[in-house]
Amino acid sequence: MILEYDKAGYGDKAFEVFVHLLSCGFEPNDYTFTNIISASGENVGFEEGKQLHGVAIKYSLEREVSVGNALVTMYGKYGMVDEAERMFNSMNERNLISWTALMSGYVKSGHGGKAIKGFLELLDLGIFCDSSCLATVIEACSECRNLDFGVQFHGFLIKLGHLYDVSVGTGLVDLYAKCGNLKSARMLFNGMSGHNVVSWNAMLSAYALHGQGKKALLLFEEMKRQGFVPDEITILAVLQACIYSGLWEDGIFLFNEIEPIYGIKPILEHFTCMVDLLGRAGLLSEAMNLIKSSPYPHSPLLWRTLVQCL
DNA sequence: TTAGGGTTAG
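Everything numeric here is computed off the predicted structure, so don't read it as measured data.

*Asks:* Before we go on, may I ask you to explain the packing of aromatic side chains in this structure?
*Replies:* Describing an aromatic ring pair means giving the distance of the ring centres and the angle of the ring planes. For the coordinates displayed, the defined rule picks out 10 aromatic pairs. Centroid distance phenylalanine 88 to tryptophan 99: 5.0 Å. Interplanar angle 80 degrees. Geometry classified as edge-to-face. Here phenylalanine 88, found in helix 6 (residues 81-90), pairs with tryptophan 99, found in helix 7 (residues 96-108); they are 11 residues apart in sequence, far enough to count as distant. In this structure, phenylalanine 88 and tryptophan 99 share a single accessibility class: buried. Seen in terms of ring centroids, phenylalanine 220 and tyrosine 262 are 5.9 Å apart; in terms of plane orientation they differ by 50 degrees. Their pairing is tilted. Highlighted residues: phenylalanine 220 in helix 14 (residues 213-225) and tyrosine 262 in the loop between helix 16 (248-257) and helix 17 (268-280), separated in sequence by 42 residues. Accessibility assignment for this pair places phenylalanine 220 and tyrosine 262 in one class, buried. Cluster of aromatic residues (ring-pair linked, three or more members): Phe119, Phe149, Phe153 and Phe156. A cation sits over an aromatic face here: arginine 94 above phenylalanine 88, 4.7 Å from the ring centre.

Right under this line is the structure:
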């Protein structure tokens, strides 16, 4: 049941059920713990996470590799790198997932360099790296804008034959785009053996970042023509591309299509983009009306975005 | 039958 709540994104419910089970004298095993800790990382606060760690210690389950990995991940997600590191170091058994979880935690808190160091250590240990691990290394290079290492790593991937994996390819598209090489990003995108919505989003975001709104709109049309269904991030990327290229009308047109055409309920980030767009286009009263009529009329983020356009 | 990864914004 906990697992079902977790999969459905109801980490808070999973936590409630777990606490109830404990009070009934239920003895959790490593499976239960791995699931509940992972669920807590999604929806439950850091304090509950710490509490779970305490219970894991009580039942001597924190030494289990899956429980340890879930804890490293949880601390990483909360940006508690020191805690994640401490947990990792205290584990008497580690596997590739432990390393990937730690590296990912480093990247999320802005320590891409540490993640790259971790990867080099991993290579020294002779542990086989899978595509998730490699994608994390690429993310680390993007985070610290280390294109030199990224290019070397790209060569390494060619030798390994991992280039055609969607996650790895997507990471490389993002890396080259963020380091200023839009052409290489597009070539990599074209060379991928298959795409998913995430890889399309990465390429659309690359065009947004480089202020290439028209190209982003063309790619967006191509994406739909090929039968891919846009998600919230697709819309955000295309809206951003319109903003950075001054394509006000295209942006307004897309915003009005979000719900009726794409069946997506606009989220705060969409409204932020739209306020930014209207503000930059000089349509200040329209921007103000949009904030007032949105589901977030008191959002400081929306008002701050508008003020920045003045 | 559990744990890790790839996209936006700030």
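*Asks:* Just checking my understanding: could you explain the packing of helix 11 (residues 166-178) against helix 13 (residues 197-209) for this structure?
*Replies:* Each pair of packed helices can be described by the angle between their axes along with the distance between the axes. The N-to-C vectors of helix 11 and helix 13 enclose an angle of 5 degrees; their axes lie 9 Å apart at closest approach. Relative to helix 13, the element helix 11 is oriented roughly parallel. On helix 13, the residues that touch Val166, Thr170, Val173, Ala177 and Lys178 of helix 11 are Val198, Ser199, Ala202, Met203, Ala206 and Leu209. For the contact of helix 11 with helix 13, the residue count by class is 8 nonpolar, 2 polar and 1 charged.

*Asks:* Sorry if this is basic, but what is going on with the packing of helix 7 against helix 9 (residues 131-143) here?
*Replies:* Helix 9 packs onto helix 7 with a crossing angle of 20 degrees between their chain directions and a minimal axis gap of 10 Å. As the angle between them shows, helix 7 and helix 9 are arranged roughly parallel. The way helix 7 lies across helix 9 gives a crossing that is left-handed. Where helix 7 approaches helix 9, its residues Leu96, Thr100, Met103, Ser104 and Val107 are matched on the opposing element by Ser132, Cys133, Thr136, Val137, Glu139, Ala140 and Glu143. Among the residues making up the contact of helix 7 with helix 9, the classes are represented as 6 nonpolar, 4 polar and 2 charged.

*Asks:* Where do I start with the nonpolar core in this structure?
*Replies:* Nonpolar side chains in soluble globular proteins tend to be buried together. Within the largest apolar cluster, 92 residues are counted, with the highest numbers of intra-cluster contacts made by Phe33, Ile37 and Phe119. Sorting elements by how many residues they give to this core places helix 15 (residues 232-245) first, with 8 residues. If you count residues domain by domain, this core takes at least three from each of domain 1 (1-94) and domain 2 (267-310). If we ignore the near neighbours within four places in the chain, the residues touching isoleucine 37 are Leu52, Val67, Ala70, Leu71 and Met74.

*Asks:* What is the right way to look at helix 5 (residues 65-77) in this model?
*Replies:* Each turn of an α-helix holds 3.6 residues, which means side chains three or four residues apart point in the same direction. The end-to-end C-alpha separation of helix 5 is 18 Å, in line with the 18 Å expected for 13 residues at 1.5 Å each. Of all 13 residues making up helix 5, 10 are buried, and the element is well covered by its neighbours. Those residues of helix 5 that sit buried are Val65, Val67, Gly68, Asn69, Ala70, Leu71, Val72, Met74, Tyr75 and Gly76. Phi for glycine 79, located one or two positions after helix 5, is positive at around 75 degrees.

*Asks:* So what exactly am I meant to see when it comes to the layout of surface pockets here?
*Replies:* It is a probe the size of a water molecule, rolled over the atoms, that shows where empty space is left. Size it by volume and the largest pocket reaches roughly 700 Å³. Surrounding the largest pocket, 26 residues form its lining, Thr170, Asp174, Lys178, Ala202 and Ser205 being those nearest its centre. Residue assignment for the lining of the largest pocket shows that the elements contributing at least two residues are helix 9, helix 11, helix 13 and helix 15. Class assignment for the residues of the lining of the largest pocket results in 11 nonpolar, 10 polar and 5 charged. When its volume is computed, the second largest pocket comes out at roughly 150 Å³. Residue lining of the second largest pocket: Thr73, Gly76, Lys77, Ile97, Ala101, Ser104, Gly105 and Lys108, and that is the complete set. The set of elements that each furnish at least two residues to the lining of the second largest pocket consists of helix 5 and helix 7. Among the elements that make up the lining of the second largest pocket, the one with the highest residue count is helix 7 (5 residues).

*Asks:* Help me understand unusual backbone geometry, please; the structure alone is not making it clear to me.
*Replies:* Note: most residues except glycine have negative phi, and most peptide bonds are trans. The backbone phi angle of serine 60 is positive, close to 50 degrees, even though this residue is not glycine. With respect to the element layout, serine 60 can be found in the loop between helix 4 (46-58) and helix 5. Of note, arginine 145 is a non-glycine position whose phi angle comes to about 50 degrees, a positive value. Of note, arginine 145 is situated in the loop between helix 9 and helix 10 (147-160). A relative accessible area of 48% places arginine 145 in the partly exposed class.

Conventions adopted
- Residues numbered from 1 in each chain as written.
- Chains lettered and ligands numbered in written order.
- Predicted model: local features only at pLDDT ≥ 70, side-chain atom pairs only at ≥ 80, totals over all residues.
- Heavy atoms only, no water.
- Phe/Tyr/Trp six-rings, centres within 6.5 Å; stacked < 30°, edge-to-face > 60°.
- Helix = DSSP H or I, 4+ residues; strand = E, 2+ residues; numbered from the N terminus.
- Buried < 20%, exposed > 50% of the residue type's maximum accessible area, 1.4 Å probe, protein only.
- Lys NZ or Arg CZ within 6 Å of the ring centre and 35° of its normal.
- Axes fitted to C-alpha atoms, helices over the stretch in contact; angles between N-to-C directions.
- Parallel < 35°, antiparallel > 145°, perpendicular 65-115°, else oblique.
- Contact = heavy atoms within 4.5 Å.
- Nonpolar A, V, L, I, M, F, W, Y, C, P; charged D, E, K, R; others polar.
- Left-handed = near helix turned anticlockwise from the far one by under 90°.
- Core = buried A, V, L, I, M, F, W, Y, C linked by side-chain atoms within 4.5 Å.
- Domains from an automatic or database assignment.
- Expected span 1.5 Å × (residues − 1).
- 1 Å grid on protein atoms, 1.4 Å probe; cavity = no way out; pocket = protein on both sides within 12 Å on 5 of 7 lines; lining within 4 Å.
- Points joined across faces, edges and corners; volume = space filled by probe spheres on them.

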